[in-house]
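What the coordinates show
So you can see what is in the structure, the chains are spelled out below.
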Amino acid sequence: MVAAILLFAAIIGLILFIASRFTGKSDRAVAALYLAPVVVMLSVGLLYPGLRTVYQSFLDASLQNFVGFDNYQRIIEDPEQRLVLRNTFFWVLVTPFAATGIGLLYAILVDKARGEAFAKALIFLPMSISGVAATVIWKFMYEYRPDQSNIKQIGVINQIIVLFGGKPQQLLIDSPLNTFLLIAIMIWIQAGFAMTVLSAAIKAIPDDIVEAARLDGVTPWGMFRFVTVPAIRPALVVVLTTIAIGTLKVFDIVQTMTGGRFDTSVIANEFYSQAIRTGDRGFGAALAVVLFVLVIPIVVYNIRQLRRSEA
């Protein structure tokens with residue numbers, strides 16, 4: 001289906017290109033001709049599925065009967081769904097700021113330091129693996145074995161607890177602690193992305209501004225607060241919003257680690273569980289619409305900040 005759409009759009013683009021060459025069209029007409037394939041692809045691949053999902057969110061589980069806003073009312077009133085919304089709020093509140101903060105701190109510490117490339121490669125490595133692979137790695141960090149003298153802990157965290165005289169804990173069954181342990185995986189992955197973007201922004205700060213601040217006797221904290229942060233503010237906005245959008249859509253970490261059990265489910269995982277596993281396609285569509293609505297303000301804010309930085 002996707003290949004057919006791409007082929008169709010390519011054919012349209014080729015025809016329009018040839019037509020623009022042999023006709024005396026104005027610039028606007030030529031631009032409209034070139035945009036036509038993009039409009040077709042967006043309509044077929046994005047607009048139509050989006051509108052259809054909104055329509056299905058007002059239907060029952062079988063998509064046969066109209067139920068109005070019952071699915072959305074369930075999201076608000078059902079205690080389990082409120083827990084899903086709470087977990088999603090925790091993810092979006094903690095992950096972008098923590099990952100960006102760690103990435104920024106790391107970028108500043110290794111900037112122009114000896115072995116900078118190697119140090120950056122270490123924190124960027126998690127970005128090169130999938131979320132599933134990262135989750136499998138962290139499963140060994142959180143692994144639990146019963147407190148028996150003849151059994152050694154293979155989970156790093158529980159082994160540290162045992163070394164200090166404590167008893168091993170089933171870390172992934174206690175809510176909301178388990179949610180924050182899953183968030184740590186996302187932070188570990190995204191910190192490398194934040195470091196890369198922010199490091200490039202820091203290196204783009206003009207040397208004369210830095211030298212002028214040093215000659216004025218600005219302290220390291222003052223340099224960070226009044227020079228570095230204002231200079232890299234557009235990059236900070238991009239990093240924060242990009243990580244926030246990715247966090248709203250997080251699925252693989254939750255699904256691989258807990259499957260949404262033990263009160264760890266988030267909207268994207270719940271959408272999959274309801275629409276695919278349970279077969280409640282109407283309610284799953286409603287969750288997808290809620291996820292889309294939550295993403296829109298972040299995207300709009302990002303666009304406004306980019307336009308402001310270019311002005």
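Here, every reference points to the structure presented above.
The present account deals with the structure reproduced in this document.

The tally for this structure, following the rule as stated, stands at 6 salt bridges. Between Arg74 and Asp78 there is a salt bridge whose closest N-O contact spans 3.9 Å. With a shortest N-O distance of 3.7 Å, Arg214 and Glu211 are connected by a salt bridge. Residue Arg214 and its partner Glu211 are both found in helix α9 (residues 207–215); the two are separated by 3 residues, about one turn of the helix. With a relative accessible area of 42%, Glu211 lands in the partly exposed category. Three or more residues are tied together by salt bridges with common partners; here these are Asp111, Glu116, Lys120 and Lys203.

The next point concerns the layout of surface pockets. In this structure, the largest pocket spans a volume of roughly 500 Å³. What lines the largest pocket is a set of 18 residues, and nearest its centre among them are Gly50, Thr53, Ala288, Val289 and Phe292. Mapped onto the lining of the largest pocket, the elements with two or more residues apiece are α2 (27–56) and α14 (281–310). Ranked by residue count, the leading element in the lining of the largest pocket is α2, at 8 residues. Classifying every residue of the lining of the largest pocket by side-chain character gives 13 nonpolar, 3 polar and 2 charged. Together, 15 residues line the second largest pocket, and Asp111, Ile202, Val210, Arg214 and Thr228 are the ones closest to its centre. Among the elements of the structure, α8 (177–203), α9 and α10 (220–231) are those that each provide at least two residues to the lining of the second largest pocket. The element contributing the most residues to the lining of the second largest pocket is α10, with 5 residues. Here the lining of the second largest pocket is composed, by residue class, of 8 nonpolar, 1 polar and 6 charged.

Moving on, we get to a nonpolar patch on the surface. Side chains of Val132, Val136, Phe140 and Ile154 sit close together on the surface and give an oily, nonpolar patch of about 330 Å² of accessible area. Within the fold, Phe140 resides in helix α6 (residues 131–142).

Next up on the list: the packing of aromatic side chains. Applying the stated rule across the entire model yields 10 aromatic pairs. Between Phe69 and Tyr72, the aromatic rings sit 6.2 Å apart at their centres with planes inclined by 50°, giving tilted as the arrangement. Accessibility expressed as a relative area gives 60% for Phe69, which makes it exposed. Their ring planes at 65° and their centres at 5.8 Å tell us that Trp138 and Trp188 sit as a pair that is edge-to-face. In this pair, Trp138 is assigned in helix α6 and Trp188 in helix α8, connecting sequence segments 50 residues apart. Judged by its relative accessible area of 14%, Trp138 is buried.

Turning to the packing of helix α4 (residues 79–110) against α8, a few remarks are in order. Taken N-terminus to C-terminus, the directions of α4 and α8 make an angle of 40°; their axes are 6 Å apart at the nearest point. Considering their axes alone, α4 and α8 lie oblique with respect to each other. Where α4 crosses over α8, the handedness of that crossing is right-handed. Taken together, the residues of the contact of α4 with α8 sort by class into 20 nonpolar, 7 polar and no charged.

What counts and what doesn't
- Residues numbered from 1 in each chain as written.
- Predicted model: local features only at pLDDT ≥ 70, side-chain atom pairs only at ≥ 80, totals over all residues.
- Heavy atoms only, no water.
- Salt bridge = Lys/Arg side-chain N within 4 Å of Asp/Glu carboxyl O.
- Helix = DSSP H or I, 4+ residues; strand = E, 2+ residues; numbered from the N terminus.
- Buried < 20%, exposed > 50% of the residue type's maximum accessible area, 1.4 Å probe, protein only.
- 1 Å grid on protein atoms, 1.4 Å probe; cavity = no way out; pocket = protein on both sides within 12 Å on 5 of 7 lines; lining within 4 Å.
- Points joined across faces, edges and corners; volume = space filled by probe spheres on them.
- Nonpolar A, V, L, I, M, F, W, Y, C, P; charged D, E, K, R; others polar.
- Patch = residues over 30% accessible without salt bridge, like charges linked within 9 Å, V, L, I, M, F, W, Y side chains within 5 Å.
- Areas by Shrake-Rupley, 256 points an atom, 1.4 Å probe, with all protein chains shown as cover.
- Phe/Tyr/Trp six-rings, centres within 6.5 Å; stacked < 30°, edge-to-face > 60°.
- Axes fitted to C-alpha atoms, helices over the stretch in contact; angles between N-to-C directions.
- Parallel < 35°, antiparallel > 145°, perpendicular 65-115°, else oblique.
- Left-handed = near helix turned anticlockwise from the far one by under 90°.

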